[in-house]
Amino acid sequence: MTNEIYVEKNGYIATLVLNRPDKRNSLSRAMFQAIVDQLELLRIDSSIKLLIVRGVNEVAFSSGADISEFLDVRYATDNAKAYNELALKAIDALYKFPHPTIAMIQGLAIGGGLELANACDFRIATPKSKLGITAANIGIVYNLESTKRLINIVGVAKAKEILYTATIFTAEEGKNIGLITALHETEEIDEATLQFAEHLLSKSSIANAGIKKIIQAIVDGEIEENDELAQLVLDSFSSDDYNEGIQAFLNKRKPIFNK
């Protein structure tokens, strides 16, 4: 497994680090595979309840897919199909990670980098961060899954503007259209992201994991609860978290949930 992707753990929080600073964390084919592998290990790790994704330094979250290898690994139909399937597998694994996810964006989040960030539940950035999807600059038709995800976040009109123009825009502009959750200065973003993560962890992990599944089902087109989702709701009423939440409310104290 490449060391250009590694994981740090701090209690219930895992941080997936993009570690290719000399290339502004551009994503190689090997890195996409490493993301798939690392996320699978984290998915089955019962000690992890929240995931942060970030670049190794303040220069870039990720400048996108590594175009320098495209003529070798993403040229012509067969190669492109295999590459695209792997990249989408990595992004989908992040989108479907069972616990809350936060993209901590410093510097560039371009193309596949922003695609990766958009697969997270929240995006926290600095005012100096730059965002964009530049597929139109190199003749790539942006894939359906990530286009749908972008539309779900910013709406059809803004998604068209972002994709058609391939414009690089500021994180402040991103916040104004709902793409960025919060802005913090470079020297504050680590602590602010951790505080937000800890706030999420103070809530019921059962509730939040279930809420994530329900929201994704709605986003993905469900209009009625299927048996799995209905059971998910019903099971929450017999959980330890439910009992603790009710007892805390009745006794006018903050709940302390199991992790």
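None of these values were measured; they are calculated from a predicted model. Counting of residues starts from 1 at the beginning of each chain's written sequence and follows it residue by residue. The predicted nature of this model means local features are confined to residues of pLDDT at least 70 and side-chain atom pairs, given and counted, to a pLDDT of 80 or more, with totals for whole chains, interfaces and linings taken over all residues. The basis for every side-chain value is the complete set of non-hydrogen atoms in the structure, without hydrogens or water.

What follows covers the packing of helix α9 (residues 205-219) against helix α10 (residues 227-236). Between N-to-C directions, angles span 0 to 180 degrees; the directions come from axes that are lines fitted to C-alpha atoms, helices contributing only their stretch in contact. A run of H or I in DSSP becomes a helix once it reaches four residues, and a run of E becomes a strand once it reaches two; helices and strands are each numbered from the N terminus. Relative to each other, α9 and α10 sit at 150°, their axes nearing to 10 Å. Compared by their axis directions, α9 and α10 come out roughly antiparallel. The way α9 lies across α10 gives a crossing that is left-handed. Contacts between α9 and α10 pair G210, K213, I214 and A217 from the former with E228, L229, L232 and V233 from the latter. Between 65 and 115 degrees an angle is taken as roughly perpendicular, under 35 as roughly parallel, over 145 as roughly antiparallel, and anywhere else as oblique. Here is the rule for handedness: rotate from the far helix to the near one, and if that takes an anticlockwise turn smaller than a right angle the crossing is left-handed, while a clockwise turn gives right-handed. Any two residues whose heavy atoms approach within 4.5 Å at even a single point are treated as in contact.

Let us now look at the pattern of salt bridges. Pairing is possible between side chains of opposite charge, provided their charged atoms come close. Should a side-chain nitrogen of Lys or Arg be within 4 Å of a carboxyl oxygen of Asp or Glu, the pair is scored as a salt bridge. The final tally for this structure, using the stated rule, is 11 salt bridges. One salt bridge in this structure joins K9 and D45, with 2.7 Å as the shortest N-O distance. Here K9, found in strand β1 (residues 5-10), pairs with D45, found in the loop between α1 (29-43) and β3 (50-55); they are 36 residues apart in sequence, far enough to count as distant. According to the relative accessible area criterion, K9 is exposed, its value standing at 54%. Assessed through its relative accessible area of 17%, D45 is described here as buried. K148 serves as the salt-bridge partner of D220, at 3.8 Å between the closest nitrogen and oxygen. Here K148 lies in helix α5 (residues 144-154) and D220 lies in the loop between α9 and α10, a separation of 72 residues in the sequence. With a 1.4 Å probe rolled over the protein chains alone, any residue whose accessible area is under 20% of its type maximum counts as buried; one over 50% counts as exposed, and the rest are partly exposed. Assessed through its relative accessible area of 47%, D220 is described here as partly exposed. Linked by salt bridges that have partners in common, E4, R20 and D66 make up one network.

As a further point, take helix α6 (residues 156-165). Along α6, the positions that sit buried rather than exposed are A159, I162 and L163. The arc that holds every buried residue of α6, seen down its axis, measures 90°, which confines them to one face. Away from the buried face of α6 by more than 90 degrees, exposed residues A157 and Y164 are located. Where the residues of α6 are buried, they touch α5 and β9 (169-170). Among the residues trailing α6, A166 stands out with phi positive, at a value near 55°. In this description, the arc belongs to the directions extending from the helix axis to the C-beta atoms.

The next thing to look at is α1. In this scheme, a helix's expected span is set at 1.5 Å multiplied by one less than its residue total. With 15 residues, α1 ought to run about 21 Å at 1.5 Å a step, and its terminal C-alpha atoms sit 21 Å apart, in line with that. Looking at α1, one finds that the buried residues are M31, F32, A34, I35, V36, Q38, L39 and L42.

Two strands pair under a simple rule: DSSP has to find at least two bridges between them. Spatially, the 6 strands line up as an open sheet ordered β1-β2-β3-β5-β7-β10, and their pairing is mixed. This sheet does not close on itself; its edge strands, each paired only once, are β1 and β10 (182-183). With 4 bridges connecting them, β3 and strand β5 (residues 101-105) associate as parallel partners. Looking at β5, one finds that L51 is bridged to T101. Against the sheet, α1 engages β1, β2 (13-18) and β3, with an angle of about 25° to β1.

Interpretation note: all reported values are geometric properties and have no functional meaning in isolation.
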